[in-house]
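# Understanding the architecture of this molecule
Read off the chains here:
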Amino acid sequence: MGESSTSGYAIFLVIANIVTGTINTISVKAQNMIDLTIYDNTSGPIRYNHPYFQTMNMFIGEMCCIFVYLIMYRRQVREYGADLTPEEKQAVGKGLKIRYTPLWFGIPGCFDVLASTMMYMALVSIDASVMQIISCTTLVWVAVFSIIFLKRRYTLQQYVGMGVLILGVGIVAIGTMIMRGKGSQNSPFGVVLMILSVAFVGIVMVSEEKLFMYFSAHPLQVVGIEGATGLSIYFVLLIILYFIPCTPNPSTGFCPHGRFEDTPRAVMELGTNLKLFFAALCTVTSLGLYNYFGVSLTKYASATHRGVINAIRPCSVWAFSLMFGWEKFAPHLLVGYVIAVYGMLLYYDIIPLNPFKKCYSKETSGESVEGEQALVKEA
């Protein structure tokens, strides 16, 4: 790709990531908000509460990417035969391996299982906006694990940005826990689960980046392998969870059916409610696309693009949640979100830590250039 085409593709990835990420979160929360009371004889409101089954659906969406990749791969084989493609030649020039065991990408897939399971469990008991704002701390966890495993160094401004971001997210998390006793349905346990989920997302991203240092892999192939890994684990896990009894916990919303996961009931509820089925279909489709665009961003997008995504997506999810009446406006969310966005903009160097210093350096550099030009004229 040329420089202009790469820049245009990066902008497309940003927009696609924001759209699919928003649809993903909203469609999952829509499933949890659909009233299924008319399909159940139990007194009281019945919600679709199957976080483990929803996680499996996510991995189905991811695994579908492998079939798209295989179609593209067969086209390349027909076009180039035994010769290397231009991308493969470029990868070899960079010292990357183009022949390797794809199962290497099963490693981030295993961490993705933990991250996604905790996220879907958290989304049962917290608002979608709270979930998205907490997920902004992904860059902090990525930085922590990058220092440990990639030996990466960060600037003072980046550390300050991370600190400001943590402050903003902390206001949201603590405020959400305090509001629990004032009519809010957000569970402190859900907040903790979401924080742990984001930590594992950081491990997933750093492990992917580490593997990209050695292997030249197509984003569709990576997402497909991670999806197949998660689906294989969940195929066994759902059977085990069905036979583990538990006591329903109204305060957290977990285990409403007397067992950790009632997969037959989840399938039955999907088949009896068209809105629920459509929301689940949107989840599967958007998740596959979202993960593909996310991995592509790792290869093509700049830090500025990632900063824009992390700033806009929570706002769009929050706007839709308010519009659908799933949430009530909470001032602490707005305060925390604004502070968190400021921290992200500092981290990605979109705004300077000391704007006055930057202006002064521009003025002094301008004066020095003018002085040099005057000396040239005198000579």
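Residues numbered from 1 in each chain as written. Predicted model: local features only at pLDDT ≥ 70, side-chain atom pairs only at ≥ 80, totals over all residues. Heavy atoms only, no water.

Across its full length, the protein chain carries 14 helices and zero strands. Residues counted as buried form 48% of the 379 residues belonging to the protein chain. Counting contacts in the protein chain only where the partners sit at least 6 residues apart, residues at least 24 apart contribute 79% of the total. Summed over all atoms, the accessible surface of the protein chain reaches about 19,600 Å², with 68% contributed by carbon and sulfur. (Helix = DSSP H or I, 4+ residues; strand = E, 2+ residues; numbered from the N terminus. Buried < 20%, exposed > 50% of the residue type's maximum accessible area, 1.4 Å probe, protein only. Contact = heavy atoms within 4.5 Å. Areas by Shrake-Rupley, 256 points an atom, 1.4 Å probe, with all protein chains shown as cover.)

For helix α4 (residues 106-125), which comprises 20 residues, the first-to-last C-alpha distance of 29 Å matches the rise-based estimate of 28 Å (1.5 Å per residue) to within 8%. Among the 20 residues of α4, 16 are classified as buried, and the element is accordingly described as predominantly covered. (Expected span 1.5 Å × (residues − 1).)

Following the criterion strictly, the structure yields 17 aromatic pairs and no others. Plain terms: the ring middles of Y154 and Y159 are 6.3 Å apart, the flat faces sit at 70° to each other, and that makes the pair edge-to-face. Among the residues examined, Y154 registers a relative accessible area of 13% and is labelled buried. With centroids separated by 5.0 Å and ring planes inclined at 90°, the aromatic side chains of Y347 and Y348 adopt a geometry described as edge-to-face. Residues Y347 and Y348 agree in their burial class; the two are buried. Three or more aromatic residues joined by ring pairs make a cluster, and in this case those are Y100, W104, F105, F212, Y214 and F215. (Phe/Tyr/Trp six-rings, centres within 6.5 Å; stacked < 30°, edge-to-face > 60°.)

Turning our attention to the state of the cysteines. Scanning the model with the defined rule gives one disulfide in all. For C246, the disulfide goes to C255, at an S-S distance of 1.5 Å. Its S-S torsion of about 90° marks the bond between C246 and C255 as right-handed, since a negative value means left-handed. Taken as a pair, C246 and C255 share a single burial class, namely buried. (Disulfide = S-S within 2.5 Å.)

In terms of nonpolar packing, the biggest core is built from 60 residues, with L139, L165 and M194 touching the most fellow members. The element best represented in this core is α4, accounting for eight residues. Apart from residues lying up to four places away in sequence, M194 is in contact with M119, A122, I126, M131, I134 and S135. C65, F215, I225 and L297 belong to the second largest nonpolar core, which has 22 residues in total. (Core = buried A, V, L, I, M, F, W, Y, C linked by side-chain atoms within 4.5 Å.)

Another point: unusual backbone geometry. Positioned with a positive phi, K151 is a non-glycine residue whose angle comes to about 55°. Taking the relative accessible area as the measure of exposure, K151 reaches 66% and is therefore exposed. The backbone of D349 sits at a positive phi, close to 60°, despite the residue not being glycine.

Under the defined criterion, the tally for this structure stands at three salt bridges. Among the salt bridges present, the one from E88 reaches R99, with a minimum N-O distance of 3.6 Å. With E88 in helix α3 (residues 86-93) and R99 in the loop between α3 and α4, this pair connects stretches of sequence that are 11 residues apart. We classify E88 as buried; its relative accessible area is 16%. Residues E209 and R152 are paired through a salt bridge, measuring 2.4 Å at the closest nitrogen-oxygen approach. (Salt bridge = Lys/Arg side-chain N within 4 Å of Asp/Glu carboxyl O.)

In contact at an axis separation of 7 Å, helix α7 (residues 156-179) and helix α13 (residues 331-347) are set at 165° when each is read in the N-to-C sense. Compared by their axis directions, α7 and α13 come out roughly antiparallel. Two packed elements cross with a definite hand, and for α7 against α13 that hand is left-handed. Partitioned by chemical class, the residues of the contact of α7 with α13 number 18 nonpolar, nine polar and no charged. (Axes fitted to C-alpha atoms, helices over the stretch in contact; angles between N-to-C directions. Parallel < 35°, antiparallel > 145°, perpendicular 65-115°, else oblique. Left-handed = near helix turned anticlockwise from the far one by under 90°. Nonpolar A, V, L, I, M, F, W, Y, C, P; charged D, E, K, R; others polar.)

Any functional reading would require information beyond the geometric quantities listed.
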